[in-house]
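Spelled out from the first residue to the last, the chains are:
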Amino acid sequence: MSGVIVTNPPKAELKDVEALAGYGVATVHEAMGRTGLLGTHLRPVQQDTRVAGTAVTVLSWPGDNLMIHAAVEQCGEGDILVVTTTSASTDGMFGELFATALKQRGVRGVVTNAGIRDTAELREMGFPAWAAAVSPQGTVKATGGSVNVPVVIGGQIIRPGDVILADDDGVVCVPRERTRQTAEASEARENKEAATRAAFVEGQLGLDRYGLRETLVRLGVTYQSYDEHVRDGAES
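Our subject in this report is the structure included herewith. (Residues numbered from 1 in each chain as written. Predicted model: local features only at pLDDT ≥ 70, side-chain atom pairs only at ≥ 80, totals over all residues. Heavy atoms only, no water.)

### Observations regarding the overall build of the protein
Secondary structure summary: the protein contains 9 helices and 11 strands in total. Going through the 236 residues of the protein one by one, you find that 44% of them count as buried. In the protein, once contacts between residues fewer than 6 apart in sequence are set aside, the share between residues at least 24 apart is 74%. When the accessible surface of the protein is split by element, carbon and sulfur atoms take 51% of a total near 12,200 Å². For the protein, the distance from the average position of its 22 positive side-chain charges to the average position of its 30 negative side-chain charges is 4 Å. (Helix = DSSP H or I, 4+ residues; strand = E, 2+ residues; numbered from the N terminus. Buried < 20%, exposed > 50% of the residue type's maximum accessible area, 1.4 Å probe, protein only. Contact = heavy atoms within 4.5 Å. Areas by Shrake-Rupley, 256 points an atom, 1.4 Å probe, with all protein chains shown as cover. Lys, Arg positive; Asp, Glu negative; His and termini not counted. Charge placed at Lys NZ, Arg CZ, Asp CG, Glu CD.)

### What about the side chain of T119?
Its location among the elements puts T119 in helix α5 (residues 119–125). In this structure, T119 is in contact with V45 and V134, ignoring residues within four places of it in sequence.

### What about a negative patch on the surface?
Taken together, the side chains of E96, D118, E121 and E124 define an acidic patch exposed on the protein surface. With respect to the helices and strands, D118 occurs in the loop between β5 (110–116) and α5. On the basis of relative accessible area, D118 is assigned to the partly exposed category, the value being 32%. (Patch = residues over 30% accessible without salt bridge, like charges linked within 9 Å, V, L, I, M, F, W, Y side chains within 5 Å. Salt bridge = Lys/Arg side-chain N within 4 Å of Asp/Glu carboxyl O.)

### Examining helix α4 (residues 96–104)
All of the buried residues along α4 are F98, A99 and L102. The arc that holds every buried residue of α4, seen down its axis, measures 95 degrees, which confines them to one face. Within α4, the exposed residues directed more than 90 degrees away from the buried face are L97 and Q104. Each element contacted by the buried residues of α4 is listed here: α3 (66–72), β3 (79–85), β4 (92–94) and α5. Phi for G106, located one or two positions after α4, is positive at around 85 degrees. (Arc of directions from axis to C-beta.)

### Structural notes on the nonpolar core
Of all hydrophobic cores here, the largest spans 26 residues; its most connected members are I68, L81, F94, L102, I116 and F127. Elements that contribute at least two residues to this core include exactly β2 (51–60), α3, β3, β4, α4, β5, α5 and β6 (129–134). Ranked by the residues each element gives to this core, the list is headed by α3, at 5 residues. Residues in contact with F127, not counting those within four places in the same chain, are Q46, F94, A99, L102, K103, V107, G109, V110 and L122. In terms of nonpolar packing, the next biggest core, distinct from the first, is built from 16 residues, V82, V111, I158 and C173 among them. (Core = buried A, V, L, I, M, F, W, Y, C linked by side-chain atoms within 4.5 Å.)

### A few points about the pattern of salt bridges
Side chains carrying opposite charge are able to pair once their charged atoms draw close together. Here the structure, examined in full by the defined rule, presents 11 salt bridges. We note a salt bridge from R159 to D162, for which the minimum N-O separation is 2.8 Å. Assessed through its relative accessible area of 22%, R159 is described here as partly exposed. A relative accessible area of 1% means that D162 is categorised as buried. One continuous salt-bridge network, built from bridges that share partners, spans E30, R189 and E193.

### Topic: a nonpolar patch on the surface
Together, F200, Y210 and L212 make up an exposed nonpolar region whose accessible area comes to about 280 Å². Tracing the sequence through the fold places L212 in helix α8 (residues 212–218).

### Brief notes about the environment of I157
As for its position among the elements, I157 is in strand β9 (residues 156–158). Ignoring sequence-local partners within four residues, the contact set of I157 consists of P150, V151, V152, D162 and C173.

In structure tokens, the structure reads:
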């Protein structure tokens, strides 16, 4: 497998990345029309952490972390390393030593579609990580791959410089051209949810606030008392 290392790809504006960092993955996903999620299989190795940054992408051979070493050189302040493999792999391709090198360069975290290890050390040093697996299985450094090329995780295309937002719920990718628009849509959604939250605290029902009673009627859903339900033979 040959490959390419692309240098200096375009990136989302830092101020827009920081604006997105104020919102959760679920909010941003909804604000983009329920798109951008990298799948439910990527889980955090820590809790109560949210990061946002620009993607440095890695395409590696399964069980081979050579291209992660190559990617470290391409990483800088505000980046998030995004690693996937040419076919499914759960080997522990990333651990404490990589995190040490990346943290020194200002990298905010790692997202990998493969395995990760040294999880206790990663938590202790405060380097956030999301992975498809946790495994102590070691790797080799023998096969070429690519850095800063488009990759696919969970059916979602991630390009270098796109925004990665990750928290306890999962990981979402925001295309670099849509960062500001998505931040604005996320703010509007949060404001709307704040108003709804206040209404629920006051006792309003979602059925009324969202106009769902009409939806129930349209779908033919009816109300019956328990006695009517039993009388009609629906429960014995």
